[in-house]
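# Chain and residue survey
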Amino acid sequence: MYLYSLLEVSAKTTNFVKWCSVAAAIILLVIIGFVGLARKAAGARKYDTKRIAFAGVCVASSFVLALIKFKPIEYGGSITLASFVPILIYAYVYGAADGFIVGLIHGLLNFIESPYILNAATFIFDYLLAFMSVGIMGFFGKMRRKENAALPIVLGCICVFSARFIAHLVSGMVFFTENSVWVSLPDWAMGNAFAYSFIYQCVYIPADALIATLVLVFIAKSGLLNKLTKIMHR
């Protein structure tokens, strides 16, 4: 009975947060636009239209790629077709601050597309912090590197997906403590929130990370990343 009542409350909460997320995504896009216009009016470097346009393109591309997914377990995360790649490239080119913003928008859009939360903590960790981890890639875009070098991209991916893993891990532990156990695991894991959530995240995040990393390495080694960087900065 407790679980049924919990699911009923979660459905109402999810619906409310979904519409809040729609509003938040729109507000964030408007803020980006105003910041760009303000910088342009102040004579700043061409942030404005091009950066905003690429933000829209990258978020839209990531969102579409996220729809192409494979779910290893019925109730769990998905392995996608390198859905983080476009926004990782954006963060790599424009820096951490812009990366955090597009990651946040992407997280909100993912929540809107398939919404489900139990409480505020799971929403914050699963859809906000996990996706905002994309911004970490921005720090590696500033690294000194040889042309077509893939090392900054690889290091960036390791840090981004590690941060994402930790965010989902914490959220999974919250789910566990709310008696929301969706997948049967060995007895030793079922009795420990950390072990349960750790195994649960390992089912899909490492595979998703590997796909994204391999695609980005190919883009970097082929010289396409340098070309994209020049186009996005021109």
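Now for a quick tour of the structure. (Residues numbered from 1 in each chain as written. Predicted model: local features only at pLDDT ≥ 70, side-chain atom pairs only at ≥ 80, totals over all residues. Heavy atoms only, no water.)

Summing up its helical and strand segments, the protein chain has 11 helices and 2 strands in all. Among the 234 residues that make up the protein chain, the fraction classed as buried is 46%. Element-wise, carbon and sulfur atoms account for 72% of the exposed surface of the protein chain, whose accessible area totals about 12,000 Å². (Helix = DSSP H or I, 4+ residues; strand = E, 2+ residues; numbered from the N terminus. Buried < 20%, exposed > 50% of the residue type's maximum accessible area, 1.4 Å probe, protein only. Areas by Shrake-Rupley, 256 points an atom, 1.4 Å probe, with all protein chains shown as cover.)

The terminal C-alpha atoms of helix 10 (residues 205–221), which comprises 17 residues, lie 24 Å apart, in line with the 24 Å expected from a rise of 1.5 Å per residue. For helix 10, every residue scored as buried is listed here: Ile205, Asp208, Ala209, Ala212, Thr213, Leu216, Ile219 and Ala220. Buried residues of helix 10, viewed axially, fall in a sector of 125°; they line one side. Residues of helix 10 that are exposed and point more than 90 degrees away from the buried face comprise Leu210, Leu214, Phe218 and Lys221. Elements in contact with the buried residues of helix 10: strand 2 (79–80), helix 3 (85–94), helix 6 (137–140), helix 7 (151–177), helix 9 (193–202) and helix 11 (224–233). Gly223 occupies a position one or two residues after helix 10 and carries a positive phi of about 90°. (Expected span 1.5 Å × (residues − 1). Arc of directions from axis to C-beta. Contact = heavy atoms within 4.5 Å.)

Think of it this way: side chains of opposite charge can pair up when their charged atoms draw near. Taken as a whole and assessed by the stated rule, the structure comprises 2 salt bridges. Arg51 is the partner of Asp98 in a salt bridge, and the nearest nitrogen-oxygen pair spans 3.0 Å. Taken together, the residues span a long stretch of sequence, with Asp98 in helix 4 (residues 96–113) and Arg51 in helix 2 (residues 48–67) at a distance of 47 residues. Two residues, Asp208 and Arg164, come together in a salt bridge whose shortest N-O distance is 2.9 Å. On the criterion of sequence distance, the pair formed by Asp208 in helix 10 and Arg164 in helix 7 is long-range, its members being 44 residues apart. Taking the relative accessible area as the measure of exposure, Asp208 reaches 3% and is therefore buried. (Salt bridge = Lys/Arg side-chain N within 4 Å of Asp/Glu carboxyl O.)

With that settled, consider the packing of aromatic side chains. What the rule picks out here adds up to 9 aromatic pairs. Between Phe84 and Phe131, the ring centres sit 5.6 Å apart and the planes meet at 40°, which makes this aromatic pair tilted. Note that Phe84 is positioned in the loop between strand 2 and helix 3 and Phe131 in helix 5 (residues 120–132), a separation of 47 residues in sequence. Accessibility assignment for this pair places Phe84 and Phe131 in one class, buried. For the ring pair Tyr196 and Tyr200, a centre distance of 6.0 Å and an interplane angle of 15° mean the geometry is stacked. (Phe/Tyr/Trp six-rings, centres within 6.5 Å; stacked < 30°, edge-to-face > 60°.)

This part is about the environment of Thr122. Summarising the element assignment, Thr122 is placed in helix 5. For the pair formed by Thr122 and His168, sequence separation is 46 residues and the distance between their alpha carbons is 8.4 Å.

Now for the nonpolar core. Leu88, Ile89, Met137, Ile153, Phe161 and Leu216 are the most contacted members of the largest nonpolar core, which has 40 residues in total. Among the elements that take part in this core, helix 3 stands out by supplying 9 residues, more than any other. (Core = buried A, V, L, I, M, F, W, Y, C linked by side-chain atoms within 4.5 Å.)

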